[in-house]
Amino acid sequence: MKTINLSCYTIAICILVLSYSCSNKSVKQVSIPKIEQMSDIPQPYKIINWRQKALDYDNLVFNFDSACPAGTFIWLDNARRNIDQVTFGLYTAVHDARQGKNVNNGEFHEAINSIAAIIGAGLIGIDKTSQNGYNFVKMTQNYYNSDNKWNIVMNNTNPNVALLGGGYGRDWWYDVLPNVLFYMMSDVFPNVENADFIQRNVAEQFYKADSVLNGDYDYSYFDYGNMRGGRSHIPFQQDVAGGHGYVLYSAYQKFGDTKYLAGAISAITALDNQKESRFYEILLPIGCYTAARLNVEHGTNFDIEKMLNWVFEGCKNKDGRYGWGVVSDRWGDYDVSGLQGSILDGEGYAFFMNSMKMAIPLVPLVKYQPQYARAIGRWMLNNVNAARLFFPYEIDDQHQFLPEMKTITNGVIAYEGLRQTDIYGKESLKGVSPVALGDGPNWNVKNPPESMFSLYSTSPVGVLAAIVDTTDVQAILRLNCNATDFYAKKDSPVYLYYNPYKEDKEVTYYSQGNVNLYDAISGVYLAKNVEKSTKILIPANAAVLIYERK
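Residues numbered from 1 in each chain as written. Predicted model: local features only at pLDDT ≥ 70, side-chain atom pairs only at ≥ 80, totals over all residues. Heavy atoms only, no water.

## Quick word on the nonpolar core
Right, on to step 1. Core analysis: the largest hydrophobic core is formed by 194 residues, its most contacted members being Trp50, Phe73, Tyr224, Phe312, Trp379, Met380 and Val468.
Right, on to step 2. A per-element tally of this core places helix H5 (residues 172-188) first, with 11 residues.
Right, on to step 3. In contact with Val468, other than residues within four places in its own chain, are Ile47, Trp50, Met380, Val384, Leu477, Arg478 and Leu479. (Core = buried A, V, L, I, M, F, W, Y, C linked by side-chain atoms within 4.5 Å. Buried < 20%, exposed > 50% of the residue type's maximum accessible area, 1.4 Å probe, protein only. Helix = DSSP H or I, 4+ residues; strand = E, 2+ residues; numbered from the N terminus. Contact = heavy atoms within 4.5 Å.)

## A word on the environment of Glu416
Right, on to step 1. Residue placement: Glu416 occurs in the loop between helix H13 (373-387) and strand E12 (417-419).
Right, on to step 2. According to the relative accessible area criterion, Glu416 is buried, its value standing at 3%.
Right, on to step 3. Expressed as a C-alpha distance, the spacing of Glu416 and Val180, which sit 236 residues apart in the sequence, is 22 Å.
Right, on to step 4. Within polar-contact distance, the side chain of Glu416 engages the backbone nitrogen of Asp439 at 2.6 Å.
Right, on to step 5. At 2.6 Å, the side chain of Glu416 and the side chain of Tyr456 are in polar contact. (Polar contact = N/O pair within 3.5 Å; in protein donor to acceptor, adjacent residues only side chain to side chain.)

## Some points on the packing of aromatic side chains
Right, on to step 1. One pass over the full model with this rule turns up 30 aromatic pairs.
Right, on to step 2. Plain terms: the ring middles of Phe62 and Phe136 are 4.9 Å apart, the flat faces sit at 65 degrees to each other, and that makes the pair edge-to-face. Residue Phe62 is located in the loop between helix H2 (50-61) and strand E1 (74-77), and its partner Phe136 is located in helix H4 (residues 136-139); the two are separated by 74 residues in the primary sequence.
Right, on to step 3. Here Phe136 falls in the buried class, since its relative accessible area comes to 0%.
Right, on to step 4. Of the aromatic side chains, those joined through ring pairs into one cluster are Trp150, Trp172, Phe206, Tyr217, Phe222 and Tyr224.
Right, on to step 5. Positioned above the aromatic ring of Phe391, the side-chain terminus of Lys53 is 4.3 Å from the ring centre.
Right, on to step 6. Positioned above the aromatic ring of Tyr280 is the side chain of Arg321, whose terminal nitrogen or guanidinium carbon lies 4.7 Å from the ring centre. (Phe/Tyr/Trp six-rings, centres within 6.5 Å; stacked < 30°, edge-to-face > 60°. Lys NZ or Arg CZ within 6 Å of the ring centre and 35° of its normal.)

## Topic: the confidence of the model for the protein
Reading fine detail from the predicted coordinates is not recommended where pLDDT is low.
Right, on to step 1. With 96% of its residues at a pLDDT of 70 or more, the protein shows a mean pLDDT of 94.
Right, on to step 2. Per-residue pLDDT stays below 50 along residues 1-21; that stretch engages in 39 contacts with residues further than four places along the chain or on separate chains. (pLDDT = per-residue confidence, 0-100.)

## Concerning the sheet that holds strand E16 (residues 494-499)
Strands pair in a sheet through their backbones, by hydrogen bonds, and they do so in one of two ways: parallel or antiparallel.
Right, on to step 1. Strand order in this open sheet of 6 strands is E14-E15-E16-E21-E18-E19, and the pairing throughout is antiparallel. Two strands bound the open sheet, and with one partner strand each, they are strand E14 (468-470) and strand E19 (524-530). Pairs of neighbouring strands in the sheet enclose a mean axial angle of 25 degrees, with direction left out of account. (Pairing = 2+ DSSP bridges. Axes fitted to C-alpha atoms, helices over the stretch in contact; angles between N-to-C directions.)

## Side note on the side chain of Ser277
Right, on to step 1. When you line up the elements, Ser277 lands in the loop between helix H8 (258-272) and helix H9 (283-298).
Right, on to step 2. Judged by its relative accessible area of 5%, Ser277 is buried.
Right, on to step 3. A polar contact is formed between the side chain of Ser277 and the backbone oxygen of Trp310, at a distance of 3.0 Å.
Right, on to step 4. At 3.4 Å, the side chain of Ser277 forms a polar contact with the backbone oxygen of Gly314.
Right, on to step 5. Excluding residues within four positions of it along the chain, Ser277 makes contact with Leu284, Trp310, Gly314 and Cys315.

## Regarding the packing of H8 against helix H10 (residues 304-313)
Right, on to step 1. Where H8 contacts H10, the two axes come as close as 11 Å, and the packing angle between them is 65 degrees. In this structure, H8 meets H10 at a crossing whose hand is left-handed. Facing Ile268, Leu271 and Asp272 of H8, the residues of H10 in contact are Lys306, Met307 and Trp310.
Right, on to step 2. Within the contact of H8 with H10, the residues separate by chemical class into 4 nonpolar, no polar and 2 charged. (Left-handed = near helix turned anticlockwise from the far one by under 90°. Nonpolar A, V, L, I, M, F, W, Y, C, P; charged D, E, K, R; others polar.)

## Some points on the sheet that holds strand E10 (residues 340-342)
Right, on to step 1. Overall, antiparallel pairing links the 5 strands, which are arranged E7-E10-E11-E12-E13 in an open sheet. Each edge of the open sheet is held by one strand with a lone partner, namely strand E7 (324-326) and strand E13 (435-437). Going across the sheet, the axis of each strand differs from the next one's by a mean of 30 degrees, ignoring polarity.
Right, on to step 2. The sheet contact formed by E12 and E13 spans 3 bridges and is antiparallel. Across the sheet, Arg419 pairs through a bridge with Val435, a residue of E13.

## Observations concerning the pattern of salt bridges
Right, on to step 1. Taken as a whole, this structure holds 23 salt bridges when the rule is applied.
Right, on to step 2. Arg278 is the salt-bridge partner of Glu276, the closest N and O atoms lying 3.3 Å from each other.
Right, on to step 3. When its relative accessible area of 13% is taken as the criterion, Arg278 is described as buried.
Right, on to step 4. Between Asp397 and Lys406 there is a salt bridge, with its nearest N and O atoms 2.8 Å apart.
Right, on to step 5. With a relative accessible area of 38%, Asp397 lands in the partly exposed category.
Right, on to step 6. A residue is classified by how much of its surface remains accessible, and Lys406, at 17% relative accessible area, is buried.
Right, on to step 7. If you follow the salt bridges from partner to partner, you end up with Asp40, Arg378 and Lys502 in one network. (Salt bridge = Lys/Arg side-chain N within 4 Å of Asp/Glu carboxyl O.)

## Comments concerning H8
Right, on to step 1. The end-to-end C-alpha separation of H8 is 21 Å, in line with the 21 Å expected for 15 residues at 1.5 Å each.
Right, on to step 2. Burial analysis of H8 places 12 of its 15 residues in the buried class, the great majority of the element.
Right, on to step 3. If you check which residues of H8 are buried, you get Tyr260, Leu261, Ala262, Gly263, Ala264, Ile265, Ser266, Ala267, Ile268, Ala270, Leu271 and Asp272.
Right, on to step 4. Check the buried side of H8 and you find it contacts helix H6 (195-213), helix H7 (240-255), H9 and H10. (Expected span 1.5 Å × (residues − 1).)

## Some remarks on the environment of Phe189
Right, on to step 1. Assignment of secondary structure puts Phe189 in the loop between H5 and H6.
Right, on to step 2. Taking the relative accessible area as the measure of exposure, Phe189 reaches 10% and is therefore buried.
Right, on to step 3. Along the chain, Phe189 and Thr129 lie 60 residues apart, while their C-alpha atoms are 7.7 Å from each other.
Right, on to step 4. If we skip the residues at most four places from it in the chain, Phe189 touches Ile118, Gly122, Ile126, Asp127, Lys128, Thr129 and Val137.

Right, here's the structure in full:
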């Protein structure tokens, strides 16, 4: 790792009052070309009740005695790997043949599924530390792999079942994302026994890894036990630097150790130094958010506009994950802009999990870089509208692979993906676009068709529930910018509103208590002494970023 002088950053926190959120000057908005290609108001337009969907999902999948037609989705894992406690497993997909309490010793289950479900539930107020007699948050600590000496949170509890899924020295993002999620979960549910110990050790491992990498992230995977990178047939995953940076900056916020700040800056510097997009799954947007915070809170000068364009335009080099980016298109009868996935695979293949999880970093990013508020608001309008199409009751029967089985999960569990065209060769889907389906049947020859319904994809649904709300004007959303701004000061509520119309619109703003409404984009107060509600004017094709102030 390059030596970084932190002295120039030590006064940054003291001068945060000079940041955009406190400015009395208007902030010029920066356009992201790919987002400009998206629909003003996507059609057909519908914003579902995400909170109810998240509540129903948690009630379904964490029920050990479910009456759902598909059966029960959770079981106890008594192997006591890494930590001497019983943990739990969730199916990755409905009736996944690799999983269950009597298959593979009950040990094949995935952190990117289980922890995401806990984060989503926690964000809408469900206490996962005490639910039906279980502390599900504590139980995820078995994913902290100490037995194999890697000492990080991994996608499985042990390498014996790792080949059934991803990660474990093969596919780098699978080994980094669980740590990002564990840090997020630990902010939603602080003070859980042993969590600080795990977080500290993960930060130490990531700090050492970044030191060894020294700015060169040109690897397919990394061995955190022996601290060395590896290359294979899997494309290099340089955007892992974004995950390293996020964890290390979160560790700095939590523990106050300046070496973690230095490590975060080093990792994001490696990300910023890339010559082109190396977007692989989800860690590049995480890196954008981390870079935005570092710019404001510690005086760095990372190129946020470049990084955001890398996300939305996607990877264009065949040496990387070629074609991975954000969709900006209409497939047949539906606008699908805003969804994340492959722009090229089968003419386009979007994924529910990735599309939702991208909102975690990019919505709070506008607090630190409000010049992107309009762009993020426009993207989220499209993303949230299209995201409903993964659910079998939110897309018509002719556009989904298993309409005859859509009752199997009571409509709560979504399809894994949305393809522009079917690739399985189903006769009834010829010429149909788009098609809701999934990869489950391809993972294992024993997997049934209903494994297209994906728990790992649906588990983060509480993220949208926490961020997204509707208003009294159709197509103007209220986005909570604090909901996923983890390890950050949240002194007041902050909401993003974007007006997609060609004329000014008045929206009813609801507040709690007597507050003044300050718009960080125009730099003026939109209303003062608001008791419960008031009308606010949002200019045409523009956004407001409202801070509630006493």
